[in-house]
Amino acid sequence: MNAQLLLKLVALGILACVPLTGESFYTELIAKTLVLAIFAMSLDLLVGFTGLVSFGHAAYFGVAAYAVAQLSPKYEAASLWFVLPASVGLSALVALFVGLFVLRTKGIYFIMVTLAFAQLAFFVFHDTPLGGGSDGIYLNVKPTAEIAGWVPFDLDNQQHLYYFILAMLVAVYAFLSRILQSPFGRVLVGIKSNEHRMQSMGYMTFRYKLAAFALAGGLGGIAGFLYAVVFGFVTPELLSWHQSGNVLLMVILGGMGNLVGAIAGAFLFTGMQEVFATWTKHWQLVMGSVIVAAVLFLPGGLAAIPGRIKRSLQGGGSNE
Amino acid sequence: MSEVSNAALVAASQTPAPGESLLVANKITRRFGGLVANQDVCVDLIRGKVHVLLGPNGAGKSTCINMLSGDLPPSDGQILFKGKDITGLTAAQRSLVGIGRSYQRTNIFPKFTVLENVRLAAQSRRQQAWRIFSKAQEQQWALDKARACIEEAGLGKKVDWISGVLSHGEQRQLEIAMVLATDAEVMLLDEPLAGMGSEESAKMVEVLKRLKPTRAILLVEHDMDAVFAVADTITVMVNGQVLESGPPAQIKASVAVQQAYLGTEDSFHV
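Residues numbered from 1 in each chain as written. Chains lettered and ligands numbered in written order. Predicted model: local features only at pLDDT ≥ 70, side-chain atom pairs only at ≥ 80, totals over all residues.

### Description of the overall build of chain B
Consideration 1: When helices and strands are tallied, chain B shows ten helices and ten strands.
Consideration 2: Sorting the 270 residues of chain B into buried and exposed places 44% on the buried side.
Consideration 3: Within chain B, counting contacts between residues at least 6 apart in sequence, those at least 24 apart form 69% of the total. (Helix = DSSP H or I, 4+ residues; strand = E, 2+ residues; numbered from the N terminus. Buried ≥ 20, exposed ≤ 12 C-beta atoms within 10 Å, placed from the backbone. Contact = placed C-beta atoms within 7 Å.)

Structure, rendered in structure tokens:
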């Protein structure tokens, strides 16, 4: 238990050192990965803990990203303390609304109908004046953290932005770990294991699933918000099914139902993307093969590796 | 709410009103397309009594229990709980008013410990979903209740076991503990003895006898020794209809039952 905590702190320490290297390219890359890690954790709440395989999670990421761009004045900084809660709240609201419909379905139908809603959202931003078409919108000025004249940190400063993202990652991780230990979280895990039994024990599972769906949408919105702030522009691609598929792959690669796994999955995914892209133009082919192999040979994802090592060590010890 | 607390008082004082009808099925019918799985079935579950549903495979016993528990809406007919029409309530709502059930096929959370299975059942009685920052493991009342129910169902030695690795009989006991933890006044038990050894069966019969005084129990069961050991009333179903209903002695003596059912069932020795 303590060893686990120590490992997490070491990992956090290493992440905290990244901006100190002064390598602006890598700092931005890791920052982007951290954002995706938040996104992956938010999806894991649904896929890994509640048993709801959503194939449209990018919609909530994108809604928040567009919300920042739209809520910010064109040539002035918006207040972080307004646009962050507003965009995250909007994502959660959209998820709540969509959840009312999609949660009436199960299994493959759920996958399809979440995808359908995400596509709907994609075309809303792609084809209406709201989203600025396929080119998207620029976020010219990043939000300011100013509170009555005092500026605690500056998101225009790459280091500050990086640490802000890292802090959000830690906050989301702590929030989710805490929730999963609560009676509410136990009900979600019960629903994943045996929803029918939960109902016969008096749980109106729909309400719990709806709460989880809205919560996951809101947390995904945090990631979308940060993404827009890091890159300074938003495009409909953020809501595309590729994006929904990518985050699902991160969760699967990392190991469903494990928050650290989701973070690790995000790192593995972006890492592979970067490395394979330097090798070949057809990096997606390599990437796809690796993912197929991972699913075949490591069904529990990265999160299953420590258990496997432990077991093989114990197994080896007892045989000799 | 007053109804529930009254019931709790009655249960606590150990003087249940004799003959109090808790759950009544009034001519319930269930059709699956052209097939009539249950036709005009009437069942009256009384506090302090064990009511056994008998019948050959395919007689409609499970369909009947599914309609009573809310897993399956009846096509026709009415279900009353303490005189109130509950035909439209879902399974979850019926659980909350005090109707609990176990399943023919073991239906538990196999990756959870025994304690967590039953704790979840107990937690369902006080759902405070908005308290997302409290820890489930610190809800002492739910843990205490779960432990008491596990003890009552005879699983006290396996509290911390992963439920998926328990023996079949122990998993059936776990199901009983889960029903108990929901404070069910009406217990619908679908073949709780199925697949149990004789020793385990005897234990379960003891558990049922202990639970009987304060509750109404509906039992679907094939183990005849157990049936006659606990039954106060037996309803025999054939082809989705009630053939005969009455005290065990009447059923034993019934010519119609012998012809329709007992004659075809080799395992039946009376």
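### So, the overall build of chain A
Consideration 1: In terms of helices and strands, chain A carries twelve helices and two strands.
Consideration 2: Along its sequence from the N terminus, chain A presents helices and strands in the succession α-α-α-α-α-β-α-α-α-β-α-α-α-α.
Consideration 3: Relative to the compact-globule value of 20 Å for 320 residues, chain A shows a C-alpha radius of gyration of 20 Å, a close match.
Consideration 4: Here the C-alpha coordinates of chain A stretch approximately 70 × 50 × 45 Å along the principal axes.
Consideration 5: A burial count over chain A gives 48% of its 320 residues as buried.
Consideration 6: The long-range share in chain A, meaning contacts at least 24 apart out of those at least 6 apart in sequence, stands at 76%. (Rg over C-alpha atoms; globule rule 2.2 N^0.38 Å.)

### Examining the interface of chain A and chain B
Interface size is commonly expressed as the accessible area that is lost once the parts come together.
Consideration 1: Every contact between the two is made by 19 residues of chain A and, on the other side, 27 residues of chain B.
Consideration 2: Sorting the residues of the side of chain A that touches chain B by element identifies helix H6 (158-181), helix H7 (183-200) and helix H8 (205-231) of chain A as the ones contributing at least two each.
Consideration 3: Per element, the largest residue contribution to the side of chain A that touches chain B is nine residues, and it comes from H7(A).
Consideration 4: For the side of chain A that touches chain B, the per-class residue count stands at eight nonpolar, eight polar and three charged. (Nonpolar A, V, L, I, M, F, W, Y, C, P; charged D, E, K, R; others polar.)

### Observations concerning helix H7 (residues 198-211) of chain B
All names here are of chain B.
Consideration 1: Over its 14 residues, H7 extends 20 Å from the first C-alpha to the last, a length consistent with the 20 Å expected when each residue adds 1.5 Å.
Consideration 2: Restricting attention to buried positions, one finds in H7 the residues Ser201, Met204 and Leu208. Down the axis of H7, the sector holding all buried residues measures 65°, keeping them to one side. In H7, those exposed residues whose orientation departs by more than 90 degrees from the buried face are Glu199, Lys209 and Arg210.
Consideration 3: In this fold, the buried residues of H7 make contact with strand E3 (50-54), helix H6 (168-181), strand E8 (216-220) and helix H8 (224-230). (Expected span 1.5 Å × (residues − 1). Arc of directions from axis to C-beta.)

Function cannot be inferred from these measures alone, as they are strictly geometric.
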